[in-house]
Amino acid sequence: MQLSIEISKYPLTAEYIEPIVGFIAELNREPGLIVVTNTMSTQIFGEYDTVMAALQRCIKWSFERYGKVVFVVKFIHGDLRP
């Protein structure tokens, strides 16, 4: 089953760029994902289990590395790439 997600990260710090860029870099290291970024959010496309495992790893990595951050995620069934 294919999954599309839209995720936004809001670091609770004045130095917010590095945590966002770091998170996107971690996502791009994950095999089997298509990662598309823009100024408002990041879209991730792939097989459901692959996407969910990558999210779990990358969000945990982000919490451990950068501390308090907020993630807002939309999950959409199917591949909604333009």
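Residues numbered from 1 in each chain as written. Predicted model: local features only at pLDDT ≥ 70, side-chain atom pairs only at ≥ 80, totals over all residues. Heavy atoms only, no water.

Caption draft 1: Representation of helix 1 (residues 17-28) in the model. Helix length check: helix 1 (12 residues) gives 17 Å between terminal C-alpha atoms against 16 Å at 1.5 Å per residue, within 8%. For helix 1, the full list of buried residues reads Pro19, Gly22, Phe23, Ile24, Glu26 and Leu27. In this structure, the buried residues of helix 1 make contact with strand 1 (2-11), strand 2 (34-37), strand 3 (42-47), helix 2 (48-66) and strand 4 (69-77). (Helix = DSSP H or I, 4+ residues; strand = E, 2+ residues; numbered from the N terminus. Expected span 1.5 Å × (residues − 1). Buried < 20%, exposed > 50% of the residue type's maximum accessible area, 1.4 Å probe, protein only. Contact = heavy atoms within 4.5 Å.)

Caption draft 2: Here's a closer look at the side chain of serine 8. With respect to the helices and strands, serine 8 occurs in strand 1. At a separation of 3.3 Å, a polar atom in the side chain of serine 8 contacts the main-chain carbonyl oxygen of methionine 40. Leave out the neighbours within four places in its chain, and serine 8 touches Met40, Ser41, Val70, Phe71 and Val72. (Polar contact = N/O pair within 3.5 Å; in protein donor to acceptor, adjacent residues only side chain to side chain.)

Caption draft 3: How the structure looks around the packing of aromatic side chains. This model, assessed by the stated rule, comprises three aromatic pairs. When the centroid spacing of 5.0 Å and the interplanar angle of 55° are considered together, the rings of phenylalanine 23 and phenylalanine 71 count as tilted. Here phenylalanine 23, found in helix 1, pairs with phenylalanine 71, found in strand 4; they are 48 residues apart in sequence, far enough to count as distant. Both residues of the pair, phenylalanine 23 and phenylalanine 71, belong to the buried class. (Phe/Tyr/Trp six-rings, centres within 6.5 Å; stacked < 30°, edge-to-face > 60°.)

Caption draft 4: Representation of the nonpolar core within the structure. Formed by 17 residues in total, the largest nonpolar core has its most connected members in Ile7, Phe23 and Ile44. Going through the elements one at a time, strand 1, helix 1, helix 2 and strand 4 are the ones with two or more residues in this core. (Core = buried A, V, L, I, M, F, W, Y, C linked by side-chain atoms within 4.5 Å.)

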